[in-house]
Amino acid sequence: FALSLYYLAMVGHGISIVSLIVSLVIFSYLNSLSCQRISLHKNMFISFIFNSVFTMGWLSMISVGSQSISAINPISCKILATLVQYTTTANYFWMLCEGIYLHTLIIVAVFVGEQQLFWYYILGWVFPIVPVLTYAVARGFYFNDTCWISANSHLLYITHGPIYAALFVNLFFLLNVVRVLITKLRKTHCAESTTYMKAVRATLILIPLLGVQYIFMPAISNEYYNQVIFSFVSVFSNFQGLLVAIILCFCNAEAQTALRRKWAQWQIAWGKTGWGETPYVSNHCHTNSSIVETSRATGTVEVPAAASSHPQTTKTATSCLRCSMEPTGRKRQDKDTQTETINLRMNKQQR
């Protein structure tokens, strides 16, 4: 049974690593998705990748059997166990960063300027060091078993306590955001609130998915059946990276739209659009929801650096956007009026 759980854990972490790397490539390659929220996604993906790598290394080290486990280097084994605790704590604090960012963007964006990601990096990467180092020192002095395998120690709550706090605070923030967005939707029915609602819904789904093992942990006793249930819950947690990649990347409408646009550009570049077809896909005439998102937080309209450095490109993009917003009949009427004006001017010159 333990060997089956080990193989399930290795498979789950392996699939999670692959899916998270694919998600990172998508977010990094598609420049149209570049914004602060995507930067938070990428940092959370990196924390999940590190957690899967360290967990696979630690499980491989302690699964050699009771006869050979005494031959393991205790220093390296305990360092890996500490890194697993650190990356696990970082996962939940980066999810807390997602909730704080959405809460600040939607609730208090009027009172703050552009958000500084520096403080999110401190909360996501630096703050988890404090409880993890405290846990490592306490474990070394008071419960120093082999490779720190045993989970029958209350010292685990040194790291699990901040994780519980992050889950509850994040849940409070996101429920407050949902309340405000529902109020806006009832009054205005604006598309902006609908877009934010999708992002908040995705983060809300992650809270029970990522915290399911910690919800059941206080109820686990030494009975056999309870430990079996906890074992399966722990195996489910090994696929968390895959679930995060699916919810935040593969099911992301912005990412899907950007991928379709990039695929159409590749088809045009390689001449695979069909016989006699010359479709036109503009590189500039598309709405960048990431720029709109940041601009709404700051109250200003941000123009990408590439577009601002080329006035002609900006002019072309503005004209394309303006043309796309006008009705077809009006465009034809304006074109006919311009043609008549030009003909009148030519007749006057000839006279």
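Residues numbered from 1 in each chain as written. Predicted model: local features only at pLDDT ≥ 70, side-chain atom pairs only at ≥ 80, totals over all residues. Heavy atoms only, no water.

Under an unreviewed UniProt entry, the name given to the chain is G-protein coupled receptors family 2 profile 2 domain-containing protein, and the organism recorded is Xenotaenia resolanae. Under the Subcellular location (unreviewed entry) heading, UniProt states for the chain: "Membrane". (UniProt positions renumbered as here; feature names shortened; annotations may be inferred.)

Peer 1: Summarise the overall build of the chain; cite the residues concerned and give the values.
Peer 2: Helices and strands together make up the secondary structure of the chain, namely 14 helices and zero strands. Listed by position from the N terminus, the elements making up the chain come as α-α-α-α-α-α-α-α-α-α-α-α-α-α. For the chain, the share of sequence-separated contacts (at least 6 apart) that also reach a separation of at least 24 residues comes to 75%. With an accessible surface of roughly 20600 Å², the chain has 65% of that area assigned to carbon and sulfur atoms. (Helix = DSSP H or I, 4+ residues; strand = E, 2+ residues; numbered from the N terminus. Contact = heavy atoms within 4.5 Å. Areas by Shrake-Rupley, 256 points an atom, 1.4 Å probe, with all protein chains shown as cover.)

Peer 1: Please give an account of the packing of aromatic side chains that cites residues and values.
Peer 2: Any two aromatic rings considered together are summarised by their centre-to-centre distance and by the angle between their planes. As enumerated under the stated definition, the model contains 12 aromatic pairs in all. Geometrically, the ring pair formed by tyrosine 6 and tyrosine 7 is tilted, given 5.4 Å between the ring centres and 55° between the ring planes. Taking 6.2 Å as the distance between ring centres and 40° as the angle between the ring planes, the aromatic pair formed by tyrosine 29 and tryptophan 266 counts as tilted. Linking tyrosine 29 in helix H1 (residues 2-29) with tryptophan 266 in helix H10 (residues 253-269), this pair joins segments that are 237 residues apart in sequence. We classify tyrosine 29 as partly exposed; its relative accessible area is 46%. Through successive ring pairs, a cluster of aromatic residues spans Tyr29, Trp263 and Trp266. (Phe/Tyr/Trp six-rings, centres within 6.5 Å; stacked < 30°, edge-to-face > 60°. Buried < 20%, exposed > 50% of the residue type's maximum accessible area, 1.4 Å probe, protein only.)

Peer 1: Outline H10, supporting the account with residue identities and numerical values.
Peer 2: The end-to-end C-alpha distance of H10 is 24 Å, a good match for the 24 Å that 17 residues give at a rise of 1.5 Å each. Capping the start of H10, asparagine 252 holds a side-chain oxygen 3.0 Å from the backbone nitrogen of glutamate 254, two or three residues further along. Trailing H10 by a residue or two, glycine 271 shows a phi angle of about 65°, which is positive. (Expected span 1.5 Å × (residues − 1). Polar contact = N/O pair within 3.5 Å; in protein donor to acceptor, adjacent residues only side chain to side chain.)

Peer 1: For the UniProt feature "transmembrane region" (unreviewed entry) in the chain, give the residues involved together with the corresponding values.
Peer 2: Those places that UniProt annotates as "transmembrane region" (unreviewed entry) correspond, in this numbering, to residues 6-27, 48-72, 92-111, 118-137, 157-178, 199-216 and 228-253. Regarding residues 6-27, the helix share stands at 100% and the strand share at 0%, and the terminal C-alpha atoms are separated by 32 Å. With 100% helix and 0% strand, residues 157-178 has its two end C-alpha atoms placed 30 Å apart.

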